[in-house]
Amino acid sequence: MANLCVHNRDFGFTEALCRGFRTGFLTDADYHHLTQAETLEDVKSNLQETDYDQFLANESAVTPAVILECATRKMVDEFKFVRAQAAEPLATFLDYITYEYMIDNVMLLLKGTISGRDVNELIEQCHPLGMFRDSTMRSIPTFENSPKGYADLYQTVLVDTPVGPYFSQFLQESSESLSTAAEVRNVLEEVEMEIIKNSLIKLYLEDFYTFCASIGDDTAEIMGEILKARADQRAINITLNSFGTPLNEPTMRATDRKRLYPSIGFLYPAGTAELAAAADEQALGQAISPFPVYREIWAVHQNESIDDRSIDDAFYEREVQMLELAFEGQMHFAIYYAYVKLKEQEIRNLVWISECIVQQQKDEINKFVPCFSKAAPWRSN
Amino acid sequence: VARAHDPRGRAHSQCEACGSSSEMGSWWRSREMKYVSLIVSEDAAHECVTSLGELGALQLTDLNPELTAFQRRYVGYMKRCDELERKLRYMEKEVSGFGLVSGSGGPGGPRLKGAALLDALEGELERYEGELVELTNYATELTARYNEKIEYQECLEKSAALFAEATRGTTTAATTTTNPLAGGGEEPLLTEDAAESGAMMRFSSSVGVVGAADRARFERMLFRSSRGNCLVRFAEVERPLANKEPKLVFIVFYKSEVIGQLVDRVCAAFGARQYAVPGRSGLEAALDETRGELADAREVLLKNRELRLALCAKLAERLSGWRGSVAREKAVYHALNMFKADVSGVLRAEGWIVADAESEARALVTRAHAAVDLAGAAMLAPVAGPWPTPPTYFETNAFTEAYQQFVDTYGVPRYREINPALFTAITFPFLFGMMYGDVGHGSVVALFGFLLLARGHRSPDSPDPLDSLALGRYMITMMGLAAVYCGLVYNDCFAVPLDLFGSTYEWKNTSHAYRPETGEVATRTSDEPYPFGVDPAWHVSQNELLFFNSMKMKTAVIVGIAQMTGGILLKGVNDLYFGDFVAFTLEFLPMIIFDLALFGYMVILIFTKWAIDWDDRMLKGTCRLVDQAYKMYPFDDSADACTPDGELAKRCALDFGGTSGGCAPPNLINQLINIALNPGSVDEPMYQNQDKVQTFLLVLAFLCVPVLLLGRPAYVYFKHHHDHPPVDAAAHHIEMHHAAAGATSDDDDDGADLFAAGPTPLDTTHDDDDAEEHSFTEVLIHQAIETIEFVLGMVSNTASYLRLWALSLAHSELAQVFWEDSLRFALNKDSAVVIFVAYAFFAFATFAVLLAMDLLECFLHALRLHWVEFQSKFYKADGYKFTPFAFAAAAAKR
């Protein structure tokens, strides 16, 4: 209650900003016009009629990559503006949102160097929300791809960054299990990367969840729901993607794979315990069938060949729905998270549409998940 | 619903009758508009639209609302304009990088037209942009090269010094090893090794340059990655680099190759360039060589800078001209996008044109076509009705603009409706003055207004806060002058009365000073009234407040009722103008009668009381003058003799009835209240038969209410049932039908129209009946609301005008407090220090409270009186603004 009394005093301005940004989302009509476009120049002139306005005015040539870059820049500018106005604990909350992008960027750089790509090129691909200092970014790929290299990376570079704690926790946990599976580990370069990334995200989600719980009130409740759903999505996806990889081998199921499941979520702990034991898709479907939401999503996966919708689409839809709902409430922080994530979804849609236009795949063009759409399945009935 | 069509239809015929409106009328009613269609040949379209844009009297309707931006006809040209604008922005950035200001004016684009202009501009800008990009890229390259040379030279010089320092005392150097994580577990190896062996040459070294801001992190990173096994030294780069970035020369000493690799890696991460420094022998030669190279690099860089500067200076002159041309082109194509291409080669547009400018626009269009030998192809002609609602357009000037914006903020006047701004321009400053009345404060406001006038027109977007007030410069001056005038009437100057003409009062018993506190009574020294305003003696009298309250309240009510009556009269004028005789007889007449019978009479009573010589009247109520009174008003001799302690009515020589018989001044408030509460009797009458007159007026006023309430509904009802043919709404419906069929229709006679339409299917008529039934209840409810609002509004609005008195009272009381409690108090103390402090307080309080806060308050209340009390009487305010396609407006917006 006390928070309700002073919420508007402390966060009223940022909330108003955020709700103002919400009106900038593309409408169904905008999407309709975009999908009618013949060239990217048409997309550009259509976007001029929307909140994006002149965001491409200074680009001489339009490509999907340019659209991605400029749209992301616009979103990041708006986010940074809100961040600059934020008081505690909203400021920390907003920082937490960026940690995820930092983890993504670190992993992108590490992966990129394994495949031997140029650092500058990689840095350009990094998400601007998760940027470190240039020198930090450049030193990340200089470490070798081994447990020792990661330890060095943490000790010299990442210790200064906000994502350092996740890395140190990961290193600590992996050194504990190092003795048991050391020989297997060296074989899995690519898988290793995925494991690192999933572990870091898992740690991040758990940390974020705890932080939101510490804020309390509606933030804890709404963000809790959203983060739990994300945790479940990760758990299901990790299991699904592990089939056919060494992670699915009986010896690793209970140890390595199970350790990747976040210890939050609707599935945790009973559901994840069953997931850990699942050896094939059928078992996975069995494991999540007690949860009606996931049963439906799983049904989408099973009908993928018929309906042409992947499990990712189903998850995106569910996420968009939850994030939109966050805007229905007031006096909580979830709208900032929802804003960033929905904007990200919108940018994905824009890129999808422009890619379809470039590649002349007009029949695929409507396969995106619009935000705040009047025609969304959860609104139409 | 029924009402909406009729007046507008008449309005058009009225306009044609009155021909071109007189010059005077252009602010009284909005300019006449015509809905025209413009048909132009595609070849001459651009030229036509350009000249129409210069004329700026045509508001185009978008005929392609269903098309999105990129489906439009001229989208290609729009894109080219966008691209040109992008180039111009790039150039502007470069130009402003040199601190050059792009000149206003300039020759602009080449004297070409249409697509040719775009082509020429594109060519020209392309060339310049290419040149600029090339030079800029070259500059970046040269700067990098120059910086590299400087860095190298600095490295050579500084490393020599650092080497020398390191060799001079290995031990000292080692112990001062910068250890940013002080107290780290491992001791630097250098200490023991170097000290023991003393063989400095066993250490390898690396020299380079790093950004000064990165120093701490660079050091920390080196320490962490080498686990403390290296020694770093820094020295500042003294020569300024081309981009002025502060940098540091560093030298790292380390022992093993492994650490060397680590150092290289860290350097790469920080973007720190490493330089190979030759041994002590080659140092001098290398230095000499670099010095020469540096001089060359510097020269080339300067040359490039000169070239760029010259180019940018050339561009700066022309930028704004180009920008203007591109903006115009863009505006033209934007306008052309609203044209519809029904037939190939011909474009059609529709829009509103100022009626007076129609022939000029037609001439322009014809001329544009004649230029391409298509003289007959163009056409600009009024569209056959029914037209959509016309926009409202007033031509304003520096004086009227602010007042027009005032009124528009509340609501844009309906087309051809009387413009309240015309009256606001005078009454607003005056009502403000009545509340703010003080010669001193008013003069300050007027002086501020004069200052703004002297500064003249300024763009409201400029950062100077005074400029944002420039729009209201005339208004502020007028407000100040009105306040001075009212201040003279109230005789107030910073709460001190001015004895300009010599007071006609005197305190007889005190020769030295006024001592009103002792209860002495002042006597008049002359029968002449004080020439202008209030006699200053009132300001020092004990009954000052009583006197001023009475005067200000009465003036407030008089002014208020005058303004409201004016508003009601304007409604009558509007009704006549639009030919709405129903509204005139059934709404306006009852309203004005109600207003005059109750409130106009109130004003008459006030003036009556003022005009009566009460000294004389009261004398007549005393028995001393009873003889004289008998002479003046001879009546029955047999009446009772005058008894001094009897009832006043009996003593009074006049016989007006009531308790006073007319010999005592009445309490006006009671009298006014009693008109309604106690009709038929007057306690203290002022003239013969006052009670009868009042009863008559009251009955008259109350009779107006049912007329107002039921008049229009009854009219609608009877018109429907007696004449059987459905009225306005249905007729209008059919009329629309006609118009669509291509028949011309005049709404002279609704009934005739209906019959002309031929037999209508029965069920349609029935539907109309239903609609009529529905609209009747609507009219009834609407009229009930209007009536209640008007009747109650007249009472509450009259009370509302008392704010003129209330704010004036507040103002004068505040001013008096500041004057008496600070400055006058201090003056009486006769001490320079006290006066100094008190004046500061007085000045500050006067400024903050009276000149800032009270000014705004009076401003807002005057605004409210206009918006609510005045405009509610007649103002419809449901028009929309005329937004012509005009280059001047587009340029101003940029």
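Residues numbered from 1 in each chain as written. Chains lettered and ligands numbered in written order. Predicted model: local features only at pLDDT ≥ 70, side-chain atom pairs only at ≥ 80, totals over all residues. Heavy atoms only, no water.

This part takes up the overall build of chain A. Across its full length, chain A carries 19 helices and 0 strands. In chain A, which comprises 381 residues, the share counted as buried stands at 53%. Pairs at least 24 residues apart make up 66% of the contacts formed inside chain A by residues separated by at least 6 positions. Summed over all atoms, the accessible surface of chain A reaches about 17,000 Å², with 51% contributed by carbon and sulfur. (Helix = DSSP H or I, 4+ residues; strand = E, 2+ residues; numbered from the N terminus. Buried < 20%, exposed > 50% of the residue type's maximum accessible area, 1.4 Å probe, protein only. Contact = heavy atoms within 4.5 Å. Areas by Shrake-Rupley, 256 points an atom, 1.4 Å probe, with all protein chains shown as cover.)

The number of helices and strands found in chain B is 27 helices and 10 strands. Across the 894 residues in chain B, those meeting the buried criterion constitute 45%. Taking the contacts inside chain B whose residues are at least 6 apart along the sequence as the reference set, 79% of them involve residues at least 24 apart. When the accessible surface of chain B is split by element, carbon and sulfur atoms take 60% of a total near 45,100 Å².

Right, let's talk about helix 16 (residues 581-611) of chain B for a bit. With 31 residues, helix 16 of chain B extends just 39 Å between its outermost C-alpha atoms, more than 12% less than the 45 Å of an ideal straight helix rising 1.5 Å per residue. Approximately 40 degrees is the largest bend angle found in helix 16 of chain B, and it occurs at Leu596 of chain B. (Expected span 1.5 Å × (residues − 1). Bend = angle between axes of the 7 residues up to and from the residue.)

With that out of the way, let us pick up the sheet that holds strand 4 (residues 230-236) of chain B. Residues and elements named next belong to chain B. In spatial order, the strands read 4-5-3-6; together these 4 strands make up an open sheet with antiparallel pairing. Of all the strands in the sheet, just strand 4 and strand 6 (273-275) have a single pairing partner and so form its edges. Put simply, the sheet's adjacent strands are angled 30 degrees from each other on average, direction ignored. Sheet analysis places strand 3 (residues 204-211) next to strand 6, joined by 3 bridges and oriented antiparallel. Looking at strand 6, one finds that Val207 is bridged to Tyr275. Its contacts with the sheet place helix 7 (residues 215-225) against strand 3, strand 4 and strand 5 (247-254), and it is angled at close to 165 degrees to strand 4. Along the sheet, helix 8 (residues 257-269) makes contact with strand 3, strand 5 and strand 6, crossing strand 5 at roughly 165 degrees. (Pairing = 2+ DSSP bridges. Axes fitted to C-alpha atoms, helices over the stretch in contact; angles between N-to-C directions.)

What follows deals with the pattern of salt bridges. Side chains that carry opposite charge are capable of pairing whenever their charged atoms lie near each other. All names here are of chain B. Taken as a whole and judged by the stated rule, the model has 51 salt bridges over all chains. A salt bridge links Glu141 to Arg145; its shortest N-O distance comes to 3.4 Å. A residue pair is termed a helical-turn pair when its members lie 3 or 4 positions apart in one helix, as Glu141 and Arg145 do in helix 4 (residues 115-168) at 4 residues. Between Arg455 and Asp464 there is a salt bridge, with the nearest N and O atoms lying 3.2 Å from each other. Look at Arg455 and you get partly exposed, because its relative accessible area is 23%. (Salt bridge = Lys/Arg side-chain N within 4 Å of Asp/Glu carboxyl O.)

All right, on to the packing of helix 12 (residues 421-436) of chain B against helix 25 (residues 803-829) of chain B then. When two helices pack together, their arrangement is given by the angle between the helix axes and by the axis-to-axis distance. Residue and element names in this part refer to chain B. Contact geometry of helix 12 with helix 25 gives a least axis separation of 6 Å together with a crossing angle of 45 degrees. Comparing the axis directions of helix 12 and helix 25 gives the class oblique. Two secondary-structure elements touch here, helix 12 through Leu431, Met434, Met435 and Tyr436 and helix 25 through Arg803, Leu804, Leu807, Ser808 and His811. (Parallel < 35°, antiparallel > 145°, perpendicular 65-115°, else oblique.)

The next subject is the pairing of strand 7 (residues 346-354) of chain B. Residue and element names in this part refer to chain B. For strand 7, the buried fraction is high: 7 of the 9 residues fall into the buried class. Both strand 2 (residues 58-61) and strand 7 contribute to a ladder of 4 bridges, which runs antiparallel. Following the sheet pairing, Gln59 is matched in strand 7 by Trp352.

Here the focus is the packing of aromatic side chains. Residue and element names in this part refer to chain B. Scanning the entire structure with this criterion turns up 56 aromatic pairs over all chains. Centre to centre, the rings of Tyr410 and Trp867 are 5.7 Å apart; their planes meet at 40 degrees, and the pair counts as tilted. With Tyr410 in helix 11 (residues 400-410) and Trp867 in helix 26 (residues 832-870), this residue pair connects regions lying 457 residues apart in the sequence. Residue Tyr410 is classed as partly exposed on the basis of its relative accessible area of 40%. Judged by its relative accessible area of 22%, Trp867 falls in the partly exposed class. Ring geometry for Phe432 against Tyr436: centres 5.0 Å apart, planes inclined by 25 degrees, an arrangement best described as stacked. Of the two residues, Phe432 and Tyr436 both sit in helix 12, 4 residues apart, roughly one turn of that helix. Exposure remark for Tyr436: the relative accessible area of 0% places this residue in the buried category. (Phe/Tyr/Trp six-rings, centres within 6.5 Å; stacked < 30°, edge-to-face > 60°.)

Residues and elements named next belong to chain B. Within the open sheet, the 4 strands sit side by side as 2-7-1-8. Their pairing is antiparallel. Edge positions in the open sheet fall to strand 2 and strand 8 (379-382), since each of these has one partner strand only. Across the sheet, the mean angle from the axis of one strand to that of its neighbour is 30 degrees, orientation sign disregarded. Strands strand 1 (33-41), strand 2 and strand 7 of the sheet are contacted by helix 2 (residues 42-55), whose axis makes an angle of about 145 degrees with strand 1. Sitting on the sheet, helix 10 (residues 358-371) touches strand 1, strand 7 and strand 8, and the angle it makes with strand 8 is about 160 degrees.

Opposite the 17 residues of chain B that make contact, chain A presents 27 residues. Across the chain B-chain A interface, the total number found is 2 salt bridges. The residue Asp42 of chain A makes a salt bridge to Lys79 of chain B at a minimum N-O spacing of 3.6 Å. Only helix 3 (75-97), helix 7 and helix 8 of chain B provide two or more residues apiece to the side of chain B that touches chain A. Of the residues assigned to the side of chain B that touches chain A, the class counts are 6 nonpolar, 2 polar and 9 charged. (Nonpolar A, V, L, I, M, F, W, Y, C, P; charged D, E, K, R; others polar.)

Before going further, it helps to examine the side chain of Thr98 of chain A. Looking at the secondary structure, you find Thr98 of chain A in helix 5 (residues 90-114). Take Thr98 of chain A: its relative accessible area is 8%, and that puts it in the buried class.

With that settled, the discussion passes to unusual backbone geometry. In the segment running from Glu88 of chain A into Pro89 of chain A, the intervening peptide bond is cis, with an omega of 0 degrees. With respect to the helices and strands, Pro89 of chain A occurs in the loop between helix 4 (64-85) and helix 5. Of note in this structure, Met331 of chain A is not a glycine but carries a positive phi near 65 degrees. Notably, Asp830 of chain B is not glycine yet its phi reads approximately 65 degrees, a positive angle. Note on placement: Asp830 of chain B falls in the loop between helix 25 and helix 26.

A cluster of nonpolar side chains, contributed by Phe430, Tyr485, Leu500, Phe501 and Phe532 of chain B, occupies part of the molecular surface with about 490 Å² of accessible area. Mapped onto the fold, Leu500 of chain B is located in the loop between helix 14 (473-490) and strand 9 (505-506). (Patch = residues over 30% accessible without salt bridge, like charges linked within 9 Å, V, L, I, M, F, W, Y side chains within 5 Å.)

We now examine a negative patch on the surface. On the surface, a cluster of negative charge is made up of Asp217, Asp218, Glu221 and Glu225 of chain A. Mapped onto the secondary structure, Glu221 of chain A falls in helix 11 (residues 217-242). (Lys, Arg positive; Asp, Glu negative; His and termini not counted. Charge placed at Lys NZ, Arg CZ, Asp CG, Glu CD.)

Below, the discussion takes up the confidence of the model for chain B. Residue and element names in this part refer to chain B. Residue-level pLDDT values for chain B average 79, and 80% of them are 70 or greater. Predicted confidence in chain B is weakest over helix 1 (residues 2-18), with a mean pLDDT of 38, and strongest over helix 14, with 95. In this model, residues 170-201 is a region of pLDDT below 50 whose contacts with residues beyond four sequence positions or in other chains number 37 contacts. Note on residues 729-766: pLDDT is under 50 here. Beyond four places in sequence and across chains, it has 26 contacts. Prediction confidence for the complex, expressed as pTM and ipTM, is 0.70 and 0.71 respectively. (pLDDT = per-residue confidence, 0-100.)

A rise of 1.5 Å per residue sets the reference length of helix 15 (residues 544-577) of chain B, with its 34 residues, at 50 Å; its end C-alpha atoms lie 49 Å apart and thus fit the reference within 8%. After helix 15 of chain B finishes, the residue Gly579 of chain B shows a positive phi value of roughly 70 degrees.

Turning next to the side chain of Thr846 of chain B. All names here are of chain B. By the secondary structure assignment, Thr846 is in helix 26. Look at Thr846 and you get buried, because its relative accessible area is 6%. Not counting residues within four places of it along the chain, the set of residues in contact with Thr846 comprises His441, Phe494, Phe818 and Leu851.

Another point: the nonpolar core. One finds Phe93, Ile97, Phe208 and Tyr336 of chain A to be the most contacted residues of the largest nonpolar core, which totals 118 residues. In this structure Ile97 of chain A touches Phe79, Tyr204, Phe208, Tyr336, Tyr337 and Val340 of chain A, once residues within four positions along its chain are discounted. (Core = buried A, V, L, I, M, F, W, Y, C linked by side-chain atoms within 4.5 Å.)

Attention shifts here to the environment of Lys876 of chain B. Considering the arrangement of structural elements, one finds Lys876 of chain B in the loop between helix 26 and helix 27 (887-893). Taking the C-alpha atoms as reference, Lys876 of chain B lies 8.7 Å from Val412 of chain B; in sequence the two are 464 residues apart.

As a further point, take the packing of helix 12 of chain B against helix 14 of chain B. All names here are of chain B. At a minimum axis separation of 7 Å, helix 12 and helix 14 run at an interaxial angle of 45 degrees. Our classification of the angle between helix 12 and helix 14 gives oblique. Classified by chirality, the crossing of helix 14 by helix 12 is right-handed. Listed contacts from helix 14 to Ala425, Ile426, Phe428, Pro429, Phe430, Phe432, Gly433, Met434 and Tyr436 of helix 12 are Met475, Met478, Met479, Ala482, Ala483, Tyr485, Cys486 and Tyr490. Grouping the constituent residues of the contact of helix 12 with helix 14 by class yields 16 nonpolar, 1 polar and no charged. (Left-handed = near helix turned anticlockwise from the far one by under 90°.)

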